[in-house]
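Below are the chains, spelled out letter by letter.
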Amino acid sequence: MTEFPHVHILDADQFSRQDIEIVLEKTKTIEALSKEDRVWGLLRGKVLASLFFESSTRTRLSFETAMNRLGGRVITTVGFQFSSISKGETLYDTMKMIEAYADIAVIRHPEEGSSRIAAAAISIPVINAGDGIGQHPTQALLDLYTIHKEKGGLDGLKIAFIGDLKFGRTIHSLIKLLRHYNVEIVLISPVDLALPESYRKALQKNKTKFEETEDIKALWDCDVAYITRIQEERFVDRSEYEKLKNSYTINRAFVQASRKQTMIMHPLPRVNELSTDVDDLPNAAYFRMAKYGVHVRMALLCLCLKTEIG
Ligand code: NCD
């Protein structure tokens, strides 16, 4: 197989279809090796710096779990409050220190473009775990892995994105990855939370078939529905959030009315857009996604550290 050409993982745009396929393939191998208890030790002696300056449960814990399962070690800082950034230190200086402590860093930060600044500061690999409303490429890779695994491939699928398409960085990244596949996209959101122009332009340029609607029933014709919460923390105007926060609630009866066995995805956390009575439907994939995420991140850590898998 061709070599993985990237040092850092910063933006879904950097991935060619071949790169994506390497990640999917390596994740499959990691999944199989994990079942036989053969992954521990792959990253023995390596240290991951886990730098989360914005809230996280899944992404931080899945990266840290991935490193632990590979036999590596993790150092961590959570929030600005307990880091020297709160004393006025720049991200550049913080990263310069990290280079002396760790072999690889994963960073989540509220400012768009921050992971690029972090990567430019140091020579160890940097993985973007979410930069404000920008990108969240490893989530998109695990989303893609989930669709691939559960639907047997991507080409020919009709995929709906529902909720906050304006601020949802996981959607921004997944849409960029999907340009390599022959899929049809349905964008379902209130007009005020529509997908930003730059992403729509990229879809047009790529000749990806897509439609925009406010009507949630469009989901019933889709193979996959990717639901997201309204991103409260991104609103400058609180009254705007109050106006939009209850835009959609998808429940069991609604999912069951679908004409297809629509797979229900959600990057989580959920608020009120996806009701818990959907959870035990076989097509509810969101908790399985969290599990696949560990394997995807194990593969990515090995690939960035140029460690042979299997
Ligand atoms: C997402 C994120 O942080 O962008 N969560 C995640 O990483 N699984 C989605 C969100 O916060 O709504």
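Residues numbered from 1 in each chain as written. Predicted model: local features only at pLDDT ≥ 70, side-chain atom pairs only at ≥ 80, totals over all residues. Heavy atoms only, no water.

A tally of helices and strands in the protein yields 10 helices and 9 strands. What you see for the protein is a C-alpha radius of gyration of 19 Å, in line with the 19 Å of a compact globule of 310 residues. A principal-axis box enclosing the C-alpha atoms of the protein has dimensions of 55 × 45 × 40 Å. For the protein, the residues scored as buried account for 56% of the 310 residues in total. Here the protein displays about 13700 Å² of accessible surface, and carbon together with sulfur accounts for 50% of that area. For the protein, the centre of its 41 positive side-chain charges and the centre of its 41 negative side-chain charges are spaced 3 Å apart. (Helix = DSSP H or I, 4+ residues; strand = E, 2+ residues; numbered from the N terminus. Rg over C-alpha atoms; globule rule 2.2 N^0.38 Å. Buried < 20%, exposed > 50% of the residue type's maximum accessible area, 1.4 Å probe, protein only. Areas by Shrake-Rupley, 256 points an atom, 1.4 Å probe, with all protein chains shown as cover. Lys, Arg positive; Asp, Glu negative; His and termini not counted. Charge placed at Lys NZ, Arg CZ, Asp CG, Glu CD.)

Right, let's get into the site of the ligand. The immediate surroundings of the ligand are formed by Thr59, Arg108, His136, Gln139, Arg169, Thr170, Arg229, Gln231, Pro267, Leu268 and Pro269. Between the ligand and the protein, one listed contact pairs an oxygen atom with a side-chain N or O atom of histidine 136 at 2.8 Å. Taking arginine 169, its side chain carries an N or O atom lying 2.8 Å from an oxygen atom of the ligand. Relative to its free-state accessible area of 320 Å², the ligand is covered by the protein chains to the extent of 94%. (Near = heavy atom within 4 Å. Polar contact = N/O pair within 3.5 Å; in protein donor to acceptor, adjacent residues only side chain to side chain.)

This part takes up the sheet that holds strand E6 (residues 184–188). Pairing in this open sheet of 5 strands is parallel, and the strands run E7-E6-E5-E8-E9 from one edge to the other. Here the strands that pair on one side only, and so sit at the sheet edges, are strand E7 (209–213) and strand E9 (263–265). On average, each strand axis in the sheet is inclined to that of its neighbour by 20°, with strand direction left out of account. One ladder, built from 5 bridges, connects E6 with E7; its direction is parallel. Among the inter-strand pairings, valine 186 is bridged to a residue of E7, identified as glutamate 211. Strand contacts of helix H7 (residues 197–205): E6 and E7, with the helix running at about 145° to E7, the strand carrying the most contacts. (Pairing = 2+ DSSP bridges. Axes fitted to C-alpha atoms, helices over the stretch in contact; angles between N-to-C directions. Contact = heavy atoms within 4.5 Å.)

In this section: helix H6 (residues 169–178). Buried residues dominate H6, accounting for 10 of its 10 residues. Listed as buried for H6 are Arg169, Thr170, Ile171, His172, Ser173, Leu174, Ile175, Lys176, Leu177 and Leu178.

What follows covers the pattern of salt bridges. It is possible for side chains bearing opposite charge to pair when their charged atoms get close. Scanning the model with the defined rule gives 27 salt bridges in all. The salt bridge partner of arginine 38 is glutamate 36, with a shortest N-O separation of 2.7 Å. For arginine 38, a relative accessible area of 49% corresponds to the partly exposed category. Overall, the relative accessible area of 48% leaves glutamate 36 in the partly exposed class. Between glutamate 240 and lysine 243 there is a salt bridge, and its shortest N-O distance comes to 2.9 Å. Here glutamate 240 pairs with lysine 243, and both are found in helix H8 (residues 238–244), just 3 residues apart, close to one helical turn. Residue glutamate 240 is classed as partly exposed on the basis of its relative accessible area of 24%. You can call lysine 243 exposed: its relative accessible area is 54%. When salt bridges with common partners are traced through the structure, they connect Asp11, Asp13, Arg116, Lys176 and Arg179 into a single cluster. (Salt bridge = Lys/Arg side-chain N within 4 Å of Asp/Glu carboxyl O.)

We now examine a nonpolar patch on the surface. Residues Ile75, Met97 and Tyr101 make up a contiguous nonpolar surface patch of about 290 Å² in total accessible area. Within the secondary structure layout, isoleucine 75 lies in strand E2 (residues 73–78). (Patch = residues over 30% accessible without salt bridge, like charges linked within 9 Å, V, L, I, M, F, W, Y side chains within 5 Å.)

Moving on, we come to the side chain of aspartate 11. Note on placement: aspartate 11 falls in the segment before helix H1 (17–35). Within the structure, the side chain of aspartate 11 is placed 2.8 Å from the backbone nitrogen of aspartate 13, a separation counted as a polar contact. With sequence-adjacent residues up to four places away left out, aspartate 11 is seen in contact with Arg116, Gln135, Pro137 and Lys176.

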